[in-house]
Amino acid sequence: MPIFDATSQAKRRSGPRGSFDLWLLVALIGLASVGVVMVTSSSIAVADSQHLGAFYFLKKHLLFLGLGLFAAGLAMRTELKLLEKYAFPLLALAFLMLLAVFVPHLGMRINGARRWLNLLVTTFQPVEAVKLILVVYVASYLVRHRENVETKFLGLFKPVLVAGMIVLLLLAQPDFGSATLVIAVTIAMVWLGGARPIFLFLMGLPLMPLLYVAATGESYRMKRLTSFMDPWKDPFNDGFQLTQSLMAIGRGEWTGVGLGSSVLKLSYLPEAHTDFIFAVIGEELGLAGVLLVIGLFGLAVGRGLYLGLKGVEVGQRFAGYVAFGVSLMLAMQAFVSVGVNLGALPTKGLTLPLISYGGSSMVLTCAMAGVLLRATWEINRALDARQMATRMPAAVAVADANVAAKPREAVAA
């Protein structure tokens, strides 16, 4: 459902008009609003324990959200053809940023991982920007090589190779969660772009041993892969985060213990305002809050995929593929985050999009949302143009009939 255009439909319009999708906008604003409330609730105890002031994380979250809204506004006003034109230079920038984290003094090591850049006044996690750049590049590739992607095995080689190179750099950081997300979204986009499933299967075969070695090559990763199956076996060590998360969600029952009344966030649940914020939602808002969050994600992703299909139908292929990619990125990251909190997936360092506290994640997720909204605007403009084209012949026929009737009226007079 596009946002209503106040201009009267009776007036003659000079050309087709675009509009941002209303339901998508409502879902995105709803998720960001839930995020502000839950970051406030879940971070007070953490801030107090670090003597930072009760609302320290809320203030920073609002700052990041403000920057994100600014980035989203710029994205919504940028023609997608500009992103399509510079897709390859942006990809080169993505690789430079991923390599920069290994440069001494520029890259930062936190908790044993080199995932951040030191920008003096703040830190930046390049992978958040790489996710959006990868979507833009794959979408441009699918437009430029449509026939090869649909009919030839080697037509899939380049985007999968690019994704594989990004995965290798992410595993070197290490960031197994983002690496899995990148390869999954790439394969899904190529499939939606018309690639044959058998080609995708054959292309993915060499990656399976790589992912297996990456997952089992380090002892801590192997523990993560196995501890989630039975976290109660070692509840004070490897299974600590998950057991606390499950207890929090279990306490919430149907309607929750009440906003701000969580017990597990009081220094029991690690990363309560970031990776495990969904557990706090489950405890304080119960099943009702959980369903609300999942419903908002479902609405946003559903509208994005639906309008992506419409874009492909009306010839706006780049906009359609971008809508596919951004929607899939949001969907898969939310799926993994929720799955980790529920104990259905191994623990990964992925935030809940638009809800969890985080600087790079919030700003770049808002930028992705802005690009998605821009895609819906251009798709709706193309849909409006098609509707105008179908109405035009009828209008011309009526005008011709009126002109033809005038001589007969004059004779009758």
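What follows covers helix 13 (residues 277-313). Spanning 37 residues, helix 13 covers only 39 Å between terminal C-alpha atoms, well under the ideal 54 Å at 1.5 Å per step. At leucine 285, helix 13 shows its largest kink, close to 130 degrees.

Turning to the nonpolar core, a few remarks are in order. Ranked by size, the top nonpolar core spans 113 residues in total, and within it Leu156, Ile166, Val293, Val326, Leu352 and Ile355 carry the most contacts. By residue number, the principal contributor to this core is helix 14 (residues 317-342), which donates 14 residues. For isoleucine 166, the contacting residues outside a window of four places in its chain are Phe95, Leu98, Val130, Leu134 and Val182.

Before going further, it helps to examine the pairing of strand 1 (residues 107-110). Note: strand 1 against strand 2 (residues 113-118), 4 bridges, orientation antiparallel. Opposite arginine 109, over in strand 2, you have arginine 114 as the bridge partner.

Attention now moves to the environment of proline 16. Within the fold, proline 16 resides in the segment before helix 1 (22-49). Taking relative accessible area as the criterion, proline 16 reaches 39% and is therefore assigned partly exposed. The contacts of proline 16, once residues within four sequence positions are left out, are Arg381, Asp384, Ala385 and Met388.

Contact geometry of helix 5 (residues 126-144) with helix 8 (residues 176-192) gives a least axis separation of 10 Å together with a crossing angle of 20 degrees. As summarised for this structure, helix 5 and helix 8 are arranged roughly parallel, according to the angle between their axes. For the pair helix 5 and helix 8, the sense of crossing is right-handed. Residues Val127, Lys131, Leu134, Val135, Val138, Ala139 and Leu142 of helix 5 lie in contact with helix 8, whose contacting residues are Ser178, Leu181, Val182, Thr186, Met189 and Val190.

For the structure shown, the criterion picks out 6 aromatic pairs. Ring geometry for phenylalanine 64 and tyrosine 357: centres 6.0 Å apart, planes at 55 degrees, overall tilted. Pair noted here: phenylalanine 64 is in helix 2 (residues 56-76) and tyrosine 357 is in the loop between helix 14 and helix 15 (359-412), with a separation of 293 residues, a long-range link. As far as burial versus exposure is concerned, phenylalanine 64 and tyrosine 357 are alike and both buried.

Reading the values: the criteria
Residues numbered from 1 in each chain as written. Predicted model: local features only at pLDDT ≥ 70, side-chain atom pairs only at ≥ 80, totals over all residues. Heavy atoms only, no water. Helix = DSSP H or I, 4+ residues; strand = E, 2+ residues; numbered from the N terminus. Expected span 1.5 Å × (residues − 1). Bend = angle between axes of the 7 residues up to and from the residue. Core = buried A, V, L, I, M, F, W, Y, C linked by side-chain atoms within 4.5 Å. Buried < 20%, exposed > 50% of the residue type's maximum accessible area, 1.4 Å probe, protein only. Contact = heavy atoms within 4.5 Å. Pairing = 2+ DSSP bridges. Axes fitted to C-alpha atoms, helices over the stretch in contact; angles between N-to-C directions. Parallel < 35°, antiparallel > 145°, perpendicular 65-115°, else oblique. Left-handed = near helix turned anticlockwise from the far one by under 90°. Phe/Tyr/Trp six-rings, centres within 6.5 Å; stacked < 30°, edge-to-face > 60°.

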